[in-house]
Amino acid sequence: MTATPLRIAACQITSLSDPAVNLAIMESWVRRAADGGARVVVFPEATMAQFGTPLAAVAQSIDGPWATAVAELADAHSVLIAAGMFTPDGNRVRNTLLLSGLGHHTGYHKIHLYDAFGYRESDTVAPGTEPVTVTVDDVVLGVATCYDVRFPALFQQLAIAGATAILLPASWGAGPGKAEQWDALVRARALDSGSWIVGCDQADPKASDVQVDSTAPTGVGCSLIADPLGRVTATLAAAPGLIFADVDPAAATHARGITGVLTNRTEF
C-alpha cells in the first residue's frame, strides 16, 4: 500500500530561558499547526530553553514534567511533536530531540556536537550515538539536529533505514554567510539522501526583540522545507512563523530512483 502525503508543520519560534514560558509559547503554535491539518509539528532545537541558559539547571528526563506536558499537548491535538530539550547525563547534559504523540514518546540525542566557529557544545553536552526513526501514518520519519546537517552519512543512513522525510530542528549560529550555509546544507542533504528535509530553526532573536547571550547559537530564522530533489517548497525569513509541507513518500522513491544516490553509493 502506498502511503498518503503526511502534513508536517515547522514552527519557527524564539525560545526563552524559562521552560514553562516556552511550553506556553508552544501551545498556541501547536494549535495553529493542528488547525492547518498538521499531523507532525516540529519546533527548533533548544525549544525547552535557549542556548546561553545554564543547561544543567533546566535538564529533565523525557519522563519529567516538561516532556510530560509536551506529551499531553500532543495528545490534546492528535499530533506528533518534535521539540528540542536537554536531558541529564552525568556532569554534562544531552541535547535531546523529544518525539511525543501518536503513540510515541522517545528522544534522539544529537550525535554531532557544535564544536565549530569558536563555540564548544561538547564542554556541556555529551554526544549521542544512535540514529532514530519513528513512523506516523505509514510514513517513516528520520530525525537530526542542527550541526548534524553537515554530515551527509547520517542522512543517508536514515534513508536506508526507511525514512522518506527527516525532521531537522536547529538553533543555527549567526555569522557571516551562516544563513546561506544553512540553506545550502538543507538542500544538499535532501539531494544526497533523496528525502524531504524539514529544517526548523530558531527565529532570529532580534526579530522577536529578545535579549540573548551573543556568544551562543540562538538562531537566524530562515526555516525551510526541501523536497527530495532539493527544491525549496516553503521558507521563512527571520521572524517567528509557520510553514507546512505535504510530504509525499512517493517523491522520495522517485528521486532516489532517478539520481541513484543510495543504490550507487560506495563506502570507502
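Residues numbered from 1 in each chain as written. Predicted model: local features only at pLDDT ≥ 70, side-chain atom pairs only at ≥ 80, totals over all residues. Heavy atoms only, no water.

Where an unreviewed UniProt entry is consulted, the protein chain appears under the name Amidohydrolase, with the organism given as Mycolicibacterium neworleansense. In UniProt, the protein chain has this text filed under Sequence similarities (unreviewed entry): "Belongs to the carbon-nitrogen hydrolase superfamily. NIT1/NIT2 family." (UniProt positions renumbered as here; feature names shortened; annotations may be inferred.)

Undergrad: I'd like a rundown of the UniProt feature "domain: CN hydrolase" (unreviewed entry) in the protein chain, residues and numbers included.
TA: The positions UniProt marks with the feature "domain: CN hydrolase" (unreviewed entry) are residues 6-249. From the first C-alpha to the last, residues 6-249 spans 8 Å; its make-up is 25% helix and 32% strand. (Helix = DSSP H or I, 4+ residues; strand = E, 2+ residues; numbered from the N terminus.)

Undergrad: Can you lay out the environment of Leu242 for me, pointing to particular residues and giving the numbers?
TA: If you trace the backbone, Leu242 turns up in strand S15 (residues 241-247). Placed 200 residues apart in sequence, Leu242 and Val42 show a C-alpha to C-alpha distance of 9.8 Å. In contact with Leu242, other than residues within four places in its own chain, are Ala9, Ala10, Cys11, Trp29, Arg32, Ala33 and Leu236. (Contact = heavy atoms within 4.5 Å.)

Undergrad: How would you sum up the nonpolar core? Please name residues and give values.
TA: Within the largest apolar cluster, 48 residues are counted, with the highest numbers of intra-cluster contacts made by Ile8, Val40, Leu141 and Leu167. Leaving out residues up to four positions away in the same chain, Leu167 has contacts with Ile8, Val40, Val42, Ala82, Leu141, Gly142, Val143, Ala144 and Val198. With 24 residues, the next largest nonpolar core counts Cys11, Ala38, Met48 and Val79 among its residues. (Core = buried A, V, L, I, M, F, W, Y, C linked by side-chain atoms within 4.5 Å. Buried < 20%, exposed > 50% of the residue type's maximum accessible area, 1.4 Å probe, protein only.)

Undergrad: Quick one: what's the story with the side chain of Thr47, residue by residue and with numbers?
TA: Turning to its location among the elements, Thr47 is positioned in the loop between strand S2 (40-42) and helix H2 (55-58). With relative accessibility at 0%, the residue Thr47 sits in the buried group. Those residues in contact with Thr47 that sit more than four places away from it in its chain are Ile13, Ser15, Asn22, Met26, Trp66, Ala83, Gly84 and Gln202.

Undergrad: Talk me through helix H6 (residues 249-259); I want residue IDs and the actual numbers.
TA: Turning to H6, its buried residues are Pro249, Ala252, Ala255 and Arg256. The buried residues of H6 occupy an angular sector of 120° when projected down its axis, which confines them to one face. In this structure, H6 carries Thr253, Gly257 and Ile258 as exposed residues pointing more than 90 degrees from its buried face. The backbone nitrogen of Ala250 has a side-chain oxygen 3.0 Å away, supplied by the residue at the start of H6, namely Asp248. Phi for Gly260, located one or two positions after H6, is positive at around 70°. (Arc of directions from axis to C-beta. Polar contact = N/O pair within 3.5 Å; in protein donor to acceptor, adjacent residues only side chain to side chain.)

Undergrad: Give a detailed account of the environment of Asp123, specifying residues and quantitative values.
TA: Relative to the helices and strands, Asp123 is located in the loop between strand S7 (119-120) and strand S8 (125-126). As a C-alpha pair, Asp123 and Leu113 span 10 residues in sequence and 9.7 Å in three-dimensional space. At 3.0 Å, the side chain of Asp123 forms a polar contact with the side chain of Arg120.

Undergrad: Just give me the short version of the sheet that holds strand S13 (residues 224-226), but keep the residues and values in it.
TA: On the basis of which strands lie adjacent, the open sheet formed by 6 strands has the order S9-S10-S11-S12-S13-S14 and mixed pairing. Both outer strands of the open sheet, strand S9 (133-136) and strand S14 (232-235), are each paired with one neighbouring strand and no more. Adjacent strand axes in the sheet meet at a mean angle of 20°, parallel and antiparallel pairs treated alike. Relative to strand S10 (residues 139-143), S9 runs antiparallel, the two sharing 4 bridges. Across the sheet, residue Val134 finds its bridge partner in S10, namely Leu141. (Pairing = 2+ DSSP bridges. Axes fitted to C-alpha atoms, helices over the stretch in contact; angles between N-to-C directions.)

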